[in-house]
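Residues per chain, in single letters:
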Amino acid sequence: PILKAGYKMAKLYGVGVGPGDPELITVKAVNIIKKCSVIAFPDMNTAYKIAKAACPEIEAKELAALKFLMTGNKEEESKAHQAAAFSLEKYLDEDKDIAFLTLGDPCIYSTFMYIEKIVAAHGYETEIISGVPSFCAAGAAFKISLAEGNTQLHIVTGGGNIAEAAKYKGNKVIMKAGKSLKAVKQELLKSGNQAYIAVNCGMQNEKLYTDINDLDSETGYFSLAIIREGGV
């Protein structure tokens, strides 16, 4: 391939490993993982465990567990992104391709995109390998359609304004919904809409709920809610 002027040879790949089930990793993702010399991942290592189940040879590769912060302090988080990018650039300078593993798809609420912007701005080549988003896997698990005909589908984060998001016309997916379930419940009582909540979708400890009253106030980081307008 023809590289842009100034680009170095090694490449940083953002690899989506899907929501949790190793069988949902794409063939392309597995091939990229096999190709790369270095495997990078957030230090909570959930994405690494999923990838290892699909591609056991990953254990023989050079591993880079990266430290990220989710404090809400933009300056602190930005410094962590800069530090992670700098550590990955050292591998690229050694002409080592890197597979940065991320849950779901790298383009949806993923830390990788912060890293990609920094690394690309420094003249390195990057590529994104799509993965199965968690809300698509959840829709399949519940056997429901996320959008039909002219229905709008809105993807929002649980850290946002749930009351405002509830005003959007159409169906809603609330990512990272654990800490916002109380607000979700309040909006459901007002609207009469149906919610489907998936906790650890695709993982061994997956739990699926169609009644929000069955849930604790907080379900953890890997949870999402699908709200369908007009009921089931």
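About the criteria used
- Residues numbered from 1 in each chain as written.
- Predicted model: local features only at pLDDT ≥ 70, side-chain atom pairs only at ≥ 80, totals over all residues.
- Heavy atoms only, no water.
- Phe/Tyr/Trp six-rings, centres within 6.5 Å; stacked < 30°, edge-to-face > 60°.
- Helix = DSSP H or I, 4+ residues; strand = E, 2+ residues; numbered from the N terminus.
- Contact = heavy atoms within 4.5 Å.
- Disulfide = S-S within 2.5 Å.
- Buried < 20%, exposed > 50% of the residue type's maximum accessible area, 1.4 Å probe, protein only.
- Pairing = 2+ DSSP bridges.
- Core = buried A, V, L, I, M, F, W, Y, C linked by side-chain atoms within 4.5 Å.
- Axes fitted to C-alpha atoms, helices over the stretch in contact; angles between N-to-C directions.

**Q** Sorry if this is basic, but what is going on with the packing of aromatic side chains here?
**A** This structure, assessed with the given rule, holds 4 aromatic pairs. An aromatic cluster is built from Phe 68, Phe 100 and Phe 112, whose rings are joined through pairwise contacts.

**Q** Which parts of the structure should I look at to understand the environment of Lys 176?
**A** Here Lys 176 is to be found in the loop between strand S7 (171–175) and helix H7 (181–191). Along the sequence, Lys 176 and Tyr 109 sit 67 residues apart, while their C-alpha atoms lie 9.5 Å from each other. Excluding residues within four positions of it along the chain, Lys 176 makes contact with Tyr 109, Gly 158, Tyr 221 and Ser 223.

**Q** Could you clarify how one ought to interpret the state of the cysteines in this entry?
**A** Here a disulfide denotes a covalent bond joining the sulfur atom of one cysteine to the sulfur atom of another. Here the structure, examined in full by the defined rule, presents 0 disulfides. For the unlinked cysteine Cys 55, the closest cysteine sulfur is that of Cys 36, found at 10 Å. Of all cysteine sulfurs, the one in Cys 136 lies closest to Cys 107, which takes part in no disulfide; the gap is 13 Å.

**Q** Quick question: what am I supposed to make of the pairing of strand S10 (residues 223–228) here?
**A** When a strand is regular, its side chains alternate between the sheet's two faces. With 6 of 6 residues buried, S10 lies mostly within the body of the structure. Neither face of S10 is exposed, since Ser 223, Ala 225 and Ile 227 on one face and Leu 224, Ile 226 and Arg 228 on the opposite face are all buried. Here strand S8 (residues 194–199) pairs with S10 via 6 bridges, running antiparallel. Its bridge partner lying in S10, Gln 194 is registered against Arg 228.

**Q** What's the story with the nonpolar core in this structure? I'm lost.
**A** As a rule of thumb, nonpolar side chains are buried together in soluble globular proteins. Counting 20 residues, the largest nonpolar core has Val 15, Ile 33 and Leu 101 as the members making the most contacts within it. Not counting residues up to four positions away in its chain, the partners in contact with Leu 101 are Val 15, Val 17, Ile 33, Ile 39, Ala 40, Phe 41, Pro 42, Ala 47, Tyr 48, Ala 51 and Ile 58. One finds Ala 40, Ala 84, Ile 98 and Tyr 124 within the second-largest nonpolar core, a separate group that totals 19 residues.

**Q** Could you clarify how one ought to interpret the sheet that holds strand S4 (residues 98–102) in this entry?
**A** Adjacent strands of a sheet form backbone hydrogen bonds with each other and so pair up, either parallel or antiparallel. In space, the 5 strands of this open sheet follow the order S3-S2-S4-S1-S5, with parallel pairing throughout. Taken across any chain shown, the strands that pair with only one partner, and hence form the sheet edges, are strand S3 (62–66) and strand S5 (125–129). If you compare each strand with its neighbour and ignore which way they point, the axes differ by 20 degrees on average. Each of strand S1 (11–16), strand S2 (38–42), S4 and S5 is contacted by helix H1 (residues 27–35), which is oriented at about 140 degrees to S1, the strand it contacts most. Across the face of the sheet, helix H4 (residues 112–121) comes into contact with S1, S4 and S5 while running at roughly 155 degrees to S5.

**Q** Whenever I open this one, the sheet that holds strand S9 (residues 207–209) confuses me. Can you help?
**A** Spatially, 5 strands are ordered S6-S7-S10-S8-S9 in an open sheet, and the strand pairing comes out mixed. Sheet topology places strand S6 (153–157) and S9 at the edges, where each strand pairs with a single neighbour. The sheet shows a mean angle of 15 degrees between the axes of neighbouring strands, taken without regard to direction. By the bridge criterion, 3 bridges tie S7 to S10 in an arrangement that is antiparallel. Looking across to S10, one finds that Ile 174 is bridged to Ala 225. Of the strands in this sheet, S7, S8 and S10 touch H7, which is tilted by about 160 degrees from S8.

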